[in-house]
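Survey of secondary and tertiary structure
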Amino acid sequence: MRRRAADYRRRVRRKISIWIWVFLGLFSVAGFVLIVLQHNYQDQDRVETHVLERKARNVQVPHTKLNLTNEIARPNSYTRQLLEQMTLAKAYVVLAKEHNNLHLAWQLSSKIRTCQSLLSKAAMNEEPIMEEDAEPLITTLSSLILKSQDHHYDIATTMMTMKSHIQALEERANAATVQAAFFGRLAAESVPKNLHCVNVKLLADWFSKKTIRDFVEEKKNSPRLLDNNLYHFCLFSDNLLAVNAVVNSTVSNTDHPKQLVFHVVTSEPNYATMEAWFVTNDFKGSMIEIQKVQDLTWLNASYSPVVGKLTENNASLLNYLRFYIPEIYPHLEKIVFLDDDVIVQKDLTPLFSLDLHGNVNGAVETCLDGFHRLYKYLNFSNPVLSSKIDPQGCGWAFGLNVFDLVAWRNANVTGVYHYWEEQNSNVGSNLWKLGTLPAGLLAFYGRTEPLDRRWHVLGLGFDVGIDNRLIESAAVIHFNGNLKPWLKFAIGKYKPLWERYVDMGHPYLVDCVTS
């Protein structure tokens, strides 16, 4: 039998290798395992998703508070639009009332109140104003503002009217400031009611005891009052207890009290009580002269228009006598001025030997920390000042001042003071507003010698945080401010510094305090 060709022969069926069967088996097992694992993972994901969703429902998302400043700054903020329209509407309310259009003024005022209510609600809820709440109000306000403009309340009219109102408010604010300062000073200078009886008792002594009056007359002719070899101090006050504390503290802290001479000027109602007190009490042999401001008959409107204006305005001349010291004491060459709210803690006689380098006034400067420059006290927008005075010049304090009266007379400082007072009056008191310090800064400008800071420490009448070491090292401490040490509302930790120089055991004080 003939065999087929090789290409036509039937292929021989071969057996599959055992390794192939092993591979196929492993592959099938792996696929099954993967299917099972995938199913488990899907179930686990569903469970975790369900748990997370349930937790998300229980978690409270922190509420973001409305930042009103940021809200107003946004250009598309309804809060900003309402505030701008409300401000404009308020201006038109004023204009409408001035033109007697009361109905329009009422409409504007009503919408302004609604706007304020909406803004207040948003601020309290700390949520932005929504469009549905703001749009009707914005539309209505816009309509009323257009209506106002149709009544010829144009921008120029609005600006002029607002300017006049602002000016009126400024005048009222200035008047209130002056009044507050006046009443504050009045309260600070007042004496507690239960001590007024001291004046009554002393007045009775003055009239009933001729020896007191005789001694006073004898004292007026004492050569010590004119002796330039002695140490002269001056005070201008009608507060008996305050002057007593100043004099007593000064003589208590010097080695030679008999070389001290005090020149006190007071008001006429207090003259007799002052004389009786200082005559009947011992001040270690120091000389104490009491004068009435009414005795300075030359100090009148004829002498200077400035004095006339002070008298017309019922100003206390006692506060302004510091500018007339060379005229009050024409025979003296050097004097130390003390305010009645200071306490002396160290010997002041070395002040009289200080070299003032030709200057008139020796004082402690108050701009050591960059504060109290002249621009703090004076209005340098006025060319009268800015052309002559450096605004960065250093301020100084009244309260402890060494005055070279010879240099004062040569420089005519009193005349300079009159000049600046007249300039201030000519510009409607625009150079400065209150007090004697600004006038003093100008009068003694360029004529003040800085003293060591330890001579004069200020602030005990308003500052509770003064360093105790600074107070202890000070020659003079000053209770400047409204919290005077003789008042009940004085600063408690400073009050003993003053009380140690007031003899609270004096029979008159004991009787008056306990009565």
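Below is a summary of the structure that appears in this document. (Residues numbered from 1 in each chain as written. Predicted model: local features only at pLDDT ≥ 70, side-chain atom pairs only at ≥ 80, totals over all residues. Heavy atoms only, no water.)

1. What about the overall build of the protein?
Counting its secondary structure elements, the protein contains 19 helices and ten strands. Burial statistics for the protein: of 515 residues in total, 41% are counted as buried. Across the protein, contacts joining residues at least 24 apart in sequence account for 75% of those joining residues at least 6 apart. A total of about 30,200 Å² of accessible surface is found on the protein, and carbon and sulfur atoms cover 55% of it. (Helix = DSSP H or I, 4+ residues; strand = E, 2+ residues; numbered from the N terminus. Buried < 20%, exposed > 50% of the residue type's maximum accessible area, 1.4 Å probe, protein only. Contact = heavy atoms within 4.5 Å. Areas by Shrake-Rupley, 256 points an atom, 1.4 Å probe, with all protein chains shown as cover.)

2. Here we look at a negative patch on the surface
Taken together, the side chains of Glu131, Glu132, Asp133 and Glu135 make up a negatively charged region of the molecular surface. Relative to the helices and strands, Glu135 is located in helix 5 (residues 131–150). Residue classification places Glu135 among the partly exposed positions, given a relative accessible area of 32%. (Patch = residues over 30% accessible without salt bridge, like charges linked within 9 Å, V, L, I, M, F, W, Y side chains within 5 Å. Salt bridge = Lys/Arg side-chain N within 4 Å of Asp/Glu carboxyl O. Lys, Arg positive; Asp, Glu negative; His and termini not counted. Charge placed at Lys NZ, Arg CZ, Asp CG, Glu CD.)

3. Some words on the sheet that holds strand 6 (residues 361–363)
The sheet built from seven strands is open, its strands ordered 3-2-1-4-7-6-8 with mixed pairing. On the outer flanks of this sheet lie strand 3 (287–292) and strand 8 (448–450), each paired with one strand and no other. Averaged over all pairs of adjacent strands, the angle between strand axes in this sheet comes to 25°, irrespective of strand direction. Here strand 2 (residues 260–266) runs beside strand 3; their pairing, made up of six bridges, is parallel. What sits directly across from Thr266, in strand 3, is Lys292. Sitting on the sheet, helix 9 (residues 240–252) touches strand 1 (231–236), strand 2, strand 3 and strand 4 (334–338), and the angle it makes with strand 2 is about 170°. Sheet contacts for helix 10 (residues 268–280): strand 2 and strand 3; angle to strand 3, the most-contacted strand, approximately 165°. (Pairing = 2+ DSSP bridges. Axes fitted to C-alpha atoms, helices over the stretch in contact; angles between N-to-C directions.)

4. A closer look at the packing of helix 9 against helix 10
Look at helix 9 against helix 10: their axes get within 11 Å of each other, and the N-to-C directions meet at 35°. The element helix 9 and its partner helix 10 pack so that their crossing is right-handed. Facing Leu240, Val243, Asn244 and Val247 of helix 9, the residues of helix 10 in contact are Met274, Trp277 and Phe278. Looking at side-chain class alone, the contact of helix 9 with helix 10 contains six nonpolar, one polar and no charged residues. (Left-handed = near helix turned anticlockwise from the far one by under 90°. Nonpolar A, V, L, I, M, F, W, Y, C, P; charged D, E, K, R; others polar.)

5. Focus on the pairing of strand 1
Burial analysis of strand 1 places five of its six residues in the buried class, which makes it a mostly covered element. Pairing between strand 1 and strand 2: six bridges, direction parallel. By the bridge assignment for strand 2, Phe233 is matched with Phe262. Crossover handedness for the path strand 1 to helix 9 to strand 2: right-handed. Pairing of strand 1 with strand 4 involves two bridges; the strand directions are parallel. Within strand 4, the position partnered with Phe233 by the bridge is Val336. (Right-handed = clockwise from strand over helix to strand, strands pointing away.)

6. Looking at the packing of helix 3 (residues 78–98) against helix 4 (residues 102–125)
The N-to-C vectors of helix 3 and helix 4 enclose an angle of 155°; their axes lie 9 Å apart at closest approach. Accordingly, the angle class assigned to the pair helix 3 and helix 4 is roughly antiparallel. Helix 3 and helix 4 meet at a crossing whose hand is left-handed. Between helix 3 and helix 4, the contacting residues are Thr79, Leu82, Leu83, Met86, Ala89, Lys90, Tyr92, Val93, Ala96 and Lys97 on the first element and Leu104, Ala105, Leu108, Ser109, Ile112, Cys115, Gln116, Leu118 and Leu119 on the second. (Parallel < 35°, antiparallel > 145°, perpendicular 65-115°, else oblique.)

7. Considering unusual backbone geometry
A positive phi angle is found at His357, which is not glycine, with a value near 55°. Following the sequence through the fold, His357 ends up in the loop between strand 5 (342–344) and strand 6. Positive phi, close to 50°, is recorded for Asn412, a residue that is not glycine. Here Asn412 is to be found in the loop between helix 14 (405–411) and helix 15 (413–426).

8. Digging into the pattern of salt bridges
Counted according to the given criterion, the structure contains nine salt bridges. For Asp214, the salt bridge goes to Lys210, with nearest N and O atoms at 2.9 Å. Of this pair, Asp214 and Lys210 both sit in helix 8 (residues 210–219), four residues apart, roughly one helical turn. Relative accessible area serves as the criterion here: at 37%, Asp214 is assigned to the partly exposed category. Residue Arg322 pairs with Asp339 through a salt bridge whose shortest N-O separation is 3.4 Å.

Purely geometric stuff here, so don't read any function into it on its own.
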